[in-house]
Amino acid sequence: MFNEKEVVSRILKGDFHAFELLVKQYEKLVFFVVNRLVQHLQDKEDICQEVFIKVHQSLPKFRFQSKLATWIARIAYLTAVDHVKKSKAARQADYPENIDHYHFSEDSPESELVKKDTAAYVNLLIAQMPLQYRTVLTLYHLNEFSCPEIEQITGIPEGTVKSHLFRARKLLKEKIEHDLKN
Amino acid sequence: MKKLTDEQIQALLDSELKPSGDMLSASEKQQMESYQSLFQKLNTEPEQGLPFNFVSKVSRQLQIKLKRRSDIRFNLLALFGIIAGLGMAYGILTLIDLNSGNQFLLAMLRYKWLLIFGSLILVGTLMFEQRVVEEN
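Residues numbered from 1 in each chain as written. Chains lettered and ligands numbered in written order. Predicted model: local features only at pLDDT ≥ 70, side-chain atom pairs only at ≥ 80, totals over all residues.

Student: Describe unusual backbone geometry, listing the residues and the values that go with them.
Tutor: Residue and element names in this part refer to chain A. Unusually for a residue other than glycine, F64 sits at a positive phi of about 60°. Overall, F64 belongs to the exposed group, with 10 C-beta atoms counted inside 10 Å. For E144, which is not a glycine, the phi torsion comes out positive at approximately 55°. With respect to the secondary-structure elements, E144 resides in the loop between α7 (131-142) and α8 (147-154). Look at E144 and you get exposed, because 12 C-beta atoms sit within 10 Å. (Buried ≥ 20, exposed ≤ 12 C-beta atoms within 10 Å, placed from the backbone. Helix = DSSP H or I, 4+ residues; strand = E, 2+ residues; numbered from the N terminus.)

In structure tokens form, the structure reads like this:
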């Protein structure tokens, strides 16, 4: 079983094998966060590497005031968001002026192609959503964090997390229902 | 009976509760099924993931970074060691023989630009290398 206190203390003593254990334990968590926020495949891997290097550098400051997973997810989230902001490809859709009035735009030829595969279609729709919706959906459903933990990770107030989660799922459900009828 | 709202259906599914079919109207049942199917898709892990050798890649990159940092520390220590050594040599020579000390100081002053440029090139190279490593 993964004992985070023991692994952290071994890493702080310079044990590389313990660091590899930590990467193995949390690589999925980091990838899920980065995957939904960053568009390019090669960037995703580079950012995941950067996250773990940052984790290693900042580990002496970690005081176990939160779960290690929450702390690592916060580093992953901040690194990915920083990349998105710096990226020339940052899209207007990532930061709409009024997120509460967000609606899906017209269907693209790409979406027409993947509609038959519902799982792929859901992922395509999520990729079109604003960054905050993508973040809460991923952290809640894939990483299985609770709303208070998502607040710790993203800094978004818990009430707003709940409202984003509700609205994002409602939008997705309505869009899929509408598209299945047509 | 009051109809279940979207918020209530989502809350039920979040708490992994599913009311029996008899308690729900046809439209509620359909809404429940739509949300259930969506939740399943949202909980599905992406097919694409990190490469199988990701752990060793990160470990290798970290080792390179740590080695670079230790090299920089060593080179800076060496630089300070040389400066301190020259200072000590001057101090000792002055204590033994003031004239020799002065001659040593004059020699150092004659080559002051060489010493200053040498130090600047060493520090500049270290900073440049560190930046290149960080960018890569």
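More follows now that the structure is in view.
Student: Give me the nonpolar core: which residues, what numbers.
Tutor: V30(A), V33(A), V34(A), A73(A), A76(A) and V136(A) are the most contacted members of the largest nonpolar core, which has 45 residues in total. Among the elements of the structure, α2 (16-37), α3 (41-58), α4 (68-86), α6 (118-128), α7, α8 and α9 (158-181) of chain A together with α3 (54-96) of chain B are those that each provide at least two residues to this core. A per-element tally of this core places α2(A) first, with eleven residues. With residues near it in sequence (within four places) discarded, A76(A) still touches V30(A), V33(A), V34(A) and V51(A). (Core = buried A, V, L, I, M, F, W, Y, C linked by C-beta atoms within 7 Å. Contact = placed C-beta atoms within 7 Å.)

Student: Go over α9(A), please, and point to the residues and values.
Tutor: Here α9(A) is 24 residues long and its end C-alpha atoms lie 35 Å apart, about the 34 Å a rise of 1.5 Å per residue gives. Against α6, α7 and α8 of chain A together with α1 (6-14) and α2 (26-42) of chain B lie the buried residues of α9(A). (Expected span 1.5 Å × (residues − 1).)

Student: How would you sum up the interface of chain B and chain A? Please name residues and give values.
Tutor: Each partner contributes to the interface: chain B provides 23 residues, whereas chain A provides 27 residues. At the level of elements, α1, α2 and α3 of chain B are the ones that each hand at least two residues to the side of chain B that touches chain A. Take the side of chain B that touches chain A: its biggest share by element is eight residues, from α3(B). Residue composition of the side of chain B that touches chain A, grouped by class: ten nonpolar, seven polar and six charged. (Nonpolar A, V, L, I, M, F, W, Y, C, P; charged D, E, K, R; others polar.)

Student: So what's going on with the environment of R69(B)? Which residues, and what values?
Tutor: Residue and element names in this part refer to chain B. Turning to its location among the elements, R69 is positioned in helix α3. Looking at R69, the number of C-beta atoms within 10 Å reads 12, which means it is exposed. Once the C-alpha coordinates of R69 and L126 are considered, the two residues, 57 residues apart in sequence, prove to be 9.8 Å apart.

Student: For the packing of α3(A) against α4(A), give the residues involved together with the corresponding values.
Tutor: All names here are of chain A. Remark: α3 packs on α4, axes separated minimally by 9 Å, with the N-to-C direction vectors making an angle of 135°. In terms of axis orientation, α3 runs oblique to α4. Considering how the two elements wind past one another, α3 and α4 form a crossing that is right-handed. Along its contact with α3, which presents D43, I47, E50, V51, K54 and V55, the element α4 presents I72, I75, A76, T79, A80 and H83. (Axes fitted to C-alpha atoms, helices over the stretch in contact; angles between N-to-C directions. Parallel < 35°, antiparallel > 145°, perpendicular 65-115°, else oblique. Left-handed = near helix turned anticlockwise from the far one by under 90°.)

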